[in-house]
Amino acid sequence: MAGELGLLSLVWIAVLSSLSVATFAWQRYSNTASVLSLVCIARLVAVGAILSLGLLAFLFLNDQFQFAYVATHSNSALPQFFKLAAVWGGHEGSMLFWVFTLSLWSALISFHPRKPSRYIQHVLWIMLAFVAAFSWFTLLASNPFSYSDVYVTEGRDLNPMLQDVGLIFHPPLLYLGYIGFSTVLAFALAALLEPKFDAHWVKECRLWAVSSWMLLTLGILVGSWWAYNELGWGGWWFWDPVENASLLPWLTGTALLHTLIASSRYQQLKLWSLSLALVTFSLSILGTFIVRSGILTSVHAFAVDPSKGIALIAILALTLLGSFVLLLRQSDAIRSEALHSVLGRSYLILVSAGLLVVATFTVFLGTFYPMLYELLGLGSISVGAPYFNTLIQPLALLALLGMGMAPLMKWHHGSYVSWRAIVLLFATASFVGAAAYRLQVTDWHFATLLVWVLGAWVIGSHLLIAAKNRTVSFMVLAHVGLAVVCIGASMNSQHSYELNRKMEPGTTTELAQWQVTNLATEWYVGPNYTAEQGVIEFSSPAGASFRLAPERRHYPVRVMNMSEPAIRSTWHGDYYVTLGAKVDSKAYAVKIQYRSYIAWIWAGAIMAILGGLLPLLRSFSLIKSRVTHGAIQQS
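Since we're looking at a predicted model, the values are computed, not measured.

A closer look at the pattern of salt bridges
Where side chains of opposite charge bring their charged atoms close, a pairing between them can arise.
Here is step 1 of the chain: Throughout the structure, instances matching the rule amount to six salt bridges.
Here is step 2 of the chain: Residues lysine 502 and aspartate 584 are paired through a salt bridge, measuring 3.2 Å at the closest nitrogen-oxygen approach. Note that lysine 502 is positioned in strand β1 (residues 497–503) and aspartate 584 in the loop between β9 (573–582) and β10 (588–596), a separation of 82 residues in sequence.
Here is step 3 of the chain: By relative accessible area, which is 55% here, lysine 502 ends up exposed.
Here is step 4 of the chain: Between glutamate 551 and arginine 553 there is a salt bridge, and its shortest N-O distance comes to 2.7 Å. The residues glutamate 551 and arginine 553 share a single accessibility class, namely buried.
Here is step 5 of the chain: When salt bridges that share partners are traced, they join Glu551, Arg553 and Glu564 into one network.

Examining the environment of proline 386
Here is step 1 of the chain: Considering the arrangement of structural elements, one finds proline 386 in helix α13 (residues 385–405).
Here is step 2 of the chain: Each C-alpha atom, one on proline 386 and one on tryptophan 239, is 9.9 Å from the other, the two residues being 147 residues apart in sequence.

What to know about the confidence of the model for the chain
Here is step 1 of the chain: Of the residues in the chain, 92% have a pLDDT of 70 or more, and the chain-wide mean is 87.
Here is step 2 of the chain: For the chain, helix α17 (residues 598–634) is the element with the lowest average pLDDT, namely 73, and strand β5 (residues 545–548) is the one with the highest, namely 95.
Here is step 3 of the chain: With pLDDT under 50 throughout, residues 298–304 is counted as low confidence; its partners more than four residues away or in other chains account for 27 contacts.
Here is step 4 of the chain: Within the model, the stretch residues 630–635 combines pLDDT values under 50 with zero contacts to residues more than four positions away or in other chains.

Here we look at the packing of helix α7 (residues 165–193) against helix α9 (residues 241–266)
Here is step 1 of the chain: Contact geometry of α7 with α9 gives a least axis separation of 11 Å together with a crossing angle of 45°. One way to sum up the angle between α7 and α9 is to call them oblique. The handedness of the crossing between α7 and α9 comes out as left-handed. Contacts from Leu174, Tyr178, Phe181 and Val184 of α7 reach α9 at Ala245, Ser246, Pro249, Gly253 and Leu256.
Here is step 2 of the chain: Class assignment for the residues of the contact of α7 with α9 results in seven nonpolar, two polar and no charged.

What counts and how
- Residues numbered from 1 in each chain as written.
- Predicted model: local features only at pLDDT ≥ 70, side-chain atom pairs only at ≥ 80, totals over all residues.
- Heavy atoms only, no water.
- Salt bridge = Lys/Arg side-chain N within 4 Å of Asp/Glu carboxyl O.
- Helix = DSSP H or I, 4+ residues; strand = E, 2+ residues; numbered from the N terminus.
- Buried < 20%, exposed > 50% of the residue type's maximum accessible area, 1.4 Å probe, protein only.
- pLDDT = per-residue confidence, 0-100.
- Contact = heavy atoms within 4.5 Å.
- Axes fitted to C-alpha atoms, helices over the stretch in contact; angles between N-to-C directions.
- Parallel < 35°, antiparallel > 145°, perpendicular 65-115°, else oblique.
- Left-handed = near helix turned anticlockwise from the far one by under 90°.
- Nonpolar A, V, L, I, M, F, W, Y, C, P; charged D, E, K, R; others polar.

This is how it looks when you write it as C-alpha cells:
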C-alpha cells in the first residue's frame, strides 16, 4: 500500500504541476487570484514530493523487496542509516530526490515576503515547469515504485563503495546545490518575460544564489571527503568526469556570485549575470545527464540506459534554447553601467569572472572531448590529471593574485590604501609565505612556493580590510578559505609520498622517520560483511607511536571485496594505510601513504562555506524584521 501511495503522490506532482503550467500559458494574464493559486499549487506539490520520498524511505526501512528499486539497492542485513542513504543511492531514487528538491525550492519561493505580483507568478510557473519535466521523466523512465519482475525474499545490497556516512549527506547536498540554481534561473527568466526589463531580479535572487553555492560547495566537499576516506586511494580529487560535472556549475556559480554583486550595487555586468544564471543551471542538468546517461563508467554513475540520457538532454536543450531566445529578445533593453577604470574592484570582478569561465571551458573540454571522440568512432583517448593540473594551475595563481588585490580596491577607481602600502604589504606577505613554506620542507617546488606567497598575500590583504570594515566578513572568510584550500592542494600534490610493501605479521618497513610494523591480522564479522583487520604500528626513535587498523572487507551478497583505509590525522598531514589483496597464506599487499596538508583542504573549504552562511543569516534577519514590521503596521 505504501508503494502505491508513493506512486500516486508522484502522479499527483506531475499532473498538478503540468496543469498549472498549461493554465498559465493559456491565460497569459496575472492577477492576485492567479498568483495565489500558483502559491497554493507550489506548496501542494511540495507536500506530494515529501510524501512520495518519505514513502520510498519507508519501503527501504521495512525491506519491501517486492519493489525492484528496493531489491536492487538494499538488503535486510544493511544497517538502517545505509538503508536511508540507499533511497538516493541509485538512479530512480536520485531522480525522485531531484523532484523533491525542485518542489522544495518552489515552495520556499512561494513564501517570498514580496506581495503577490506578475513577476513572482513568472518565477513560480517556471519552477513548476521544471518540476513537471522532471516528475514526468521520473514517472515514465525512472519509476522507483515499479514492482520486481520476479518475487525475491532478499535484496542485492547497496554497493559497498556507497556504504559510508558520506553517502548519507553527499548526494542530497549536491542536489540541493544543483537544483538551487534553478531558482536563480527562474528569477532571471521571469525578469526577461516582463514587458519592460528591470534589473530588480538581481536583488531578489542573491539570497538563493548564495544558498545554492554554499550547498553545492558543501556537497562537493563531502563527496571529496567520502572518496578520500572510502575508496582507499588516498586522493581527494581525481578529475573523474562526474567530479568535473559538479565542478562546472560550481565554477560558473562562483562567477555568478561576483557579477551579481556588481549588478545589484552599481548596475554593472548585467548581461554577465543573466548569461551565467542561464548557464549554471544548464550545467547542473548536464551533470545529471553525465551520471545517468550510461555514456561513462564511474563509481558515481547510476544509469546504463541511454534512453534516459536522451530525455535529459532534451530537457537541457529546451532549457538552453528557451533561455537564450528570451535573452536575445531583451538584449537591447539590458544596459549596464560602464566600467570606469582597470584600477577598480568592478574591473577585478570582470577579470575574475573571465578566469572562472576560462576554467569552466578548460574542464568542459577535457571532460567531454574524449567522450565525443569515442562516440564519433575515432577511437579512444584519455585526458587525465596532467592536462587539468597544467591548465588550471596558472588560472588559480592569477585568481589568488586578484583575490588579494580585490579588498584593497575601491569600486570604481583607486584603492583604500596607498600604492606604497600595497607594495609593502605584498612584500611582507611574500616573505612570510616563502618563510613558512621553506621552514617545513627540505625540497621545495617553485609552483608551491608561489601558492604560499599568493596565499599569504590573500590572507594579509583581507585581514587588513577586515580590521577596518567588519561588514566584509563574507568576502574575507570565503577568499581566505579558498586560499587555504589552494595551499593545502599544492602541498598535498608536491609533498605527499607513499610506499607499497608485502607485509605479514612481524614484518617491518620504514616510512620517513617512522618504523612501520605489521603486528597481527584479526578477523571479525560485521552486520553485512566479514573483515580481515591488520594492526599496523608506527614508532619513531623519539619514542612516539600510534597504531592503525586497516581492513579488507568481503560483502557476500554483492560478492565484492573492499579495502577500508585507516587514517591518523595531524595538522600537517595524514598517515594513511590501506590493506590490499592477500598475496599468500599470511602476507598482504599494504600501501602506506603520507598525505600532506589534507586537513587544510577540508578546513579551507569549511571556511569558505561559513563565509556563504554569514550573508544568509543577515538576509534572514532582515526578512524577519520586515515581516515583523509589516505585522505591526497592519495591527
